[in-house]
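Chain and residue survey
One letter stands for each residue in the lines below.
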Amino acid sequence: MIKKIILASAAVSLALSLSSCTINRPVEAQRTITVSGSGSVSVYPDLVSVKFMVRTSGWNIAQTAERNAINTQNAIEAIKQAGVAEADIYTSDYKITQDNSQAYPGQYTVKNTISVIIRNPKITGTIIDAAVKQNTGANGVTDFEYLVSDKSTALRQARTLAIKDAQDAANLLAGASGCKVGNVLEIYENYTSTSRNDGVRLYAAKANDGAVTTPIEPGKMDISSNVTIKYNIE
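Quantities reported herein were computed from a predicted structural model and do not represent experimental measurements.

In this structure, Asn74 sits in helix H2 (residues 61–81). The class for Asn74 is partly exposed, based on a relative accessible area of 28%. Residues Asn74 and Ala138, 64 residues apart in the sequence, show an inter-C-alpha distance of 8.4 Å.

In structure tokens, the structure reads:
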């Protein structure tokens, strides 16, 4: 009877020992692979955003502000007559400052920034000429940007290309290693919109009537998507 009890106790101790080993055994680490992919779509911009600056300086703040208002209104009217709708013209910044760099108070400077959306890129040069090529209008262009009204469609295409590029890379690397690509664990994306030409091309050319024009070449825009995807591998 005593011998049976001893054997039973030994069996229980062995079972507990095996159970303890199973519980404490480390779980096998998940095998993963991380790849990057990129996709790009070229489109012609159908919008142009231009900012014109009207700046005037003088010793009398009231007279300087009044002269700036007249010049600003002249520039706006010229832009309208050149083919831009009133709804696409707005004031994006207005500042009045005084030069205090010397020991005495300096002149006042009034700056009015006119933002314009041009919906026909072909007339961009004409708009610029109308706004700045006069003595009582804008003093210059402070910002110039090409835009695409339906950017979402091009971005969707670029994302699809980027994901396919990443999937191809994952399948190639995993296959060469004797593995199989599993589920997506993580995915990150960033996208950019860049003009193919380096900045704006502004150059002078003589028209038939001898006047100087300002041709602008928009070229194409590259809308790109870059993704980083983490897969588990089997």
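Turning to the packing of aromatic side chains, a few remarks are in order. What the rule picks out here adds up to one aromatic pair. Aromatic side chains Phe144 and Tyr146 sit 5.3 Å apart centroid to centroid with 80° between the ring planes, which places their arrangement in the edge-to-face category. We classify Phe144 as buried; its relative accessible area is 18%. Take Tyr146: its relative accessible area is 9%, and that puts it in the buried class.

On to the sheet that holds strand S3 (residues 89–98). Pairing is antiparallel in the open sheet, where four strands are placed in the order S3-S4-S2-S5. Whereas interior strands pair on both sides, the edge strands pair on one side only; in this sheet they are S3 and strand S5 (140–147). Averaged over all pairs of adjacent strands, the angle between strand axes in this sheet comes to 15°, irrespective of strand direction. Across the sheet, helix H3 (residues 124–132) is in contact with strand S2 (47–58), strand S4 (108–118) and S5; its angle to S2 comes to roughly 10°.

Looking now at the pattern of salt bridges. Across all of its chains, the model carries six salt bridges by this definition. For Lys80, the salt bridge goes to Glu86, with nearest N and O atoms at 3.8 Å. In this structure Lys80 comes out as partly exposed when scored by relative accessible area, which is 27%. Glu86 gets classed as exposed once you look at its relative accessible area, which sits at 59%. Taking the shortest distance from any N to any O, the salt bridge between Arg159 and Glu189 comes out at 3.0 Å. Pair noted here: Arg159 is in helix H4 (residues 151–176) and Glu189 is in strand S6 (residues 181–195), with a separation of 30 residues, a long-range link. Take Arg159: its relative accessible area is 34%, and that puts it in the partly exposed class.

This brings us to the pairing of strand S1 (residues 32–43). With burial as the criterion, only one face of S1 is covered, namely that bearing Ile33, Val35, Gly37, Gly39, Val41 and Val43; the residues Thr32, Thr34, Ser36, Ser38, Ser40 and Ser42 on the opposite face remain uncovered. Bridge analysis of S1 against strand S9 (residues 221–233) gives twelve bridges, and the strand direction is antiparallel. Across the sheet, residue Thr34 finds its bridge partner in S9, namely Lys230.

What follows deals with the side chain of Asp222. Within the element layout of this structure, Asp222 appears in strand S9. For Asp222, a relative accessible area of 17% corresponds to the buried category. One polar contact links Asp222 to Ser42, side chain to side chain, over a distance of 2.6 Å.

Let us look at the nonpolar core. One finds Phe52, Ile79, Ile114 and Val116 to be the most contacted residues of the largest nonpolar core, which totals 28 residues. Every element with two or more residues in this core is listed here: S1, S2, H2, S4, H3, S5, H4 and S9. When residues in this core are grouped by element, the largest group, four residues, is from S2. Once residues within four sequence positions are removed from consideration, Phe52 is found in contact with Ile79, Asn112, Thr113, Ile114, Val116, Ile127, Ile128, Ala131, Val132, Ala138, Gly140 and Val141. Counting twelve residues, the second-largest nonpolar core is a separate cluster that includes Ala170, Val181, Ile229 and Tyr231.

The subject of this paragraph is a nonpolar patch on the surface. On the surface, Ile61, Tyr94 and Ile96 cluster together into a nonpolar patch covering about 270 Å² of accessible area. Secondary-structure assignment places Ile61 in helix H2. For Ile61, a relative accessible area of 38% translates into the label partly exposed.

What counts as what
- Residues numbered from 1 in each chain as written.
- Predicted model: local features only at pLDDT ≥ 70, side-chain atom pairs only at ≥ 80, totals over all residues.
- Heavy atoms only, no water.
- Helix = DSSP H or I, 4+ residues; strand = E, 2+ residues; numbered from the N terminus.
- Buried < 20%, exposed > 50% of the residue type's maximum accessible area, 1.4 Å probe, protein only.
- Phe/Tyr/Trp six-rings, centres within 6.5 Å; stacked < 30°, edge-to-face > 60°.
- Pairing = 2+ DSSP bridges.
- Axes fitted to C-alpha atoms, helices over the stretch in contact; angles between N-to-C directions.
- Contact = heavy atoms within 4.5 Å.
- Salt bridge = Lys/Arg side-chain N within 4 Å of Asp/Glu carboxyl O.
- Polar contact = N/O pair within 3.5 Å; in protein donor to acceptor, adjacent residues only side chain to side chain.
- Core = buried A, V, L, I, M, F, W, Y, C linked by side-chain atoms within 4.5 Å.
- Patch = residues over 30% accessible without salt bridge, like charges linked within 9 Å, V, L, I, M, F, W, Y side chains within 5 Å.
- Areas by Shrake-Rupley, 256 points an atom, 1.4 Å probe, with all protein chains shown as cover.

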